[in-house]
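Survey of secondary and tertiary structure
One letter stands for each residue in the lines below.
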Amino acid sequence: LFTALECAVRQEVLHRNPARRVEAPAKAAPRHSFYNTEQMRALFAAVRGMPLEPAVKLAGYLGLRRSEICGLKWENVDLEHGVISICAARTTVGGVTINKGPKTMRTLGISGLTDLEDMLRSIKTEQALKREKKPGYNPDNFVLVHANGQPYAPDYVSGWFTKFVAEQGLPHLTLHGLRHSFDSAANEL
């Protein structure tokens, strides 16, 4: 609006730009919620055995973004060496899910995160068995997929997480808040 009114002044349609008299409100710093170590333990216990447990643990243990979790493929998970390479992201734009590069390419160690490593091994084995029975299962080789082999949509993962936290009576937290929980725990070390 300011720019349009400035143009009107230059074209001599207006004598002054009335928007110059307006004071913009102060920007409030965003507040991010995060869990402490005890709350993370409670969350991990509550999510145990749930289909999206791996998504929660990837965000909580490694600080992965939703798009990085949804874009993770098996060729970027090296269970033998205990590392995950973040090379792709899967996000939703205008209701359409797209694959793209991540904000930050990096390699993260998962050695020592035994429950995460064991869970990933189990998922990989289960998916291999399903692929033997149904060759078209999970053709793009995503780590996290629905029972039918279709990858999770990012909005589905976020919505599920928010609903799950509320149903468990845990303090409100978004999936993105798990990144902040990871950062907070890392800063305690």
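Look up: the structure comes first, before these words.
Okay, so let's go over this structure. Going along each chain's sequence as written, the residues are numbered from 1 onward. Thresholds applied to this predicted model are a pLDDT of at least 70 for local features of residues and 80 or more for the giving and counting of side-chain atom pairs; totals over whole chains, interfaces and linings are not thresholded and use all residues. Here the side-chain values reflect all heavy atoms present in the structure, with hydrogen atoms and water set aside.

**A short note on helix H5 (residues 114–133)**
By the criteria applied, helices consist of DSSP H or I runs no shorter than four residues and strands consist of E runs no shorter than two, each listed in order from the N terminus. One fewer than the residue count of a helix, multiplied by 1.5 Å, yields its expected span. Here H5 contains 20 residues, and its C-alpha end-to-end distance of 29 Å stays within 8% of the 28 Å for a straight helix at 1.5 Å per residue. Per-residue accessibility, obtained with a 1.4 Å probe over protein chains only, is compared with the maximum for each type, and a residue is labelled buried under 20%, exposed over 50%, and partly exposed between these values. What H5 keeps buried is the set Leu 116, Glu 117, Met 119, Leu 120, Ile 123 and Gln 127. Projected down its long axis, H5 carries its buried residues within an arc of 160°, all on one side. For H5, the exposed residues set more than 90 degrees away from the buried face come down to Glu 132 and Lys 133. Two residues qualify as a contact provided that any one of their heavy atoms is within 4.5 Å of a heavy atom in the partner residue. Those residues of H5 hidden inside the fold are in contact with helix H3 (53–62), strand S1 (77–78) and strand S2 (83–86). Think of it as the arc spanned by the lines of direction from the helix axis to the C-beta atoms.

**Concerning the sheet that holds S2**
For two strands to be treated as a pair, DSSP must find at least two bridges joining them. The 3 strands are arranged S1-S2-S5 in an open sheet whose pairing can be described as antiparallel. Here the strands that pair on one side only, and so sit at the sheet edges, are S1 and strand S5 (106–109). Alignment of S2 against S5, held across 4 bridges, turns out to be antiparallel. Counted as the bridge partner of Ile 84 is Leu 108 from S5.

**Quick word on the packing of H3 against H5**
For the pair H3 and H5, interaxial distance at closest approach is 11 Å and the crossing angle is 145°. The interaxial crossing formed by H3 with H5 has left-handed handedness. Where H3 abuts H5, its residues Glu 53, Pro 54, Lys 57, Leu 58, Tyr 61 and Leu 62 lie against Asp 115, Leu 116, Met 119 and Ile 123. Residue classes follow a fixed rule: Ala, Val, Leu, Ile, Met, Phe, Trp, Tyr, Cys and Pro count as nonpolar, while Asp, Glu, Lys and Arg count as charged, and any other residue, Gly among them, counts as polar. For the contact of H3 with H5, the class distribution of residues is 7 nonpolar, no polar and 3 charged. Geometry is summarised by axes, namely lines fitted to C-alpha atoms with helices restricted to the contacting stretch, and by angles between N-to-C directions that run from 0 to 180 degrees. The hand of a helix crossing depends on one turn: near helix anticlockwise from the far one by less than a right angle means left-handed, and clockwise means right-handed.

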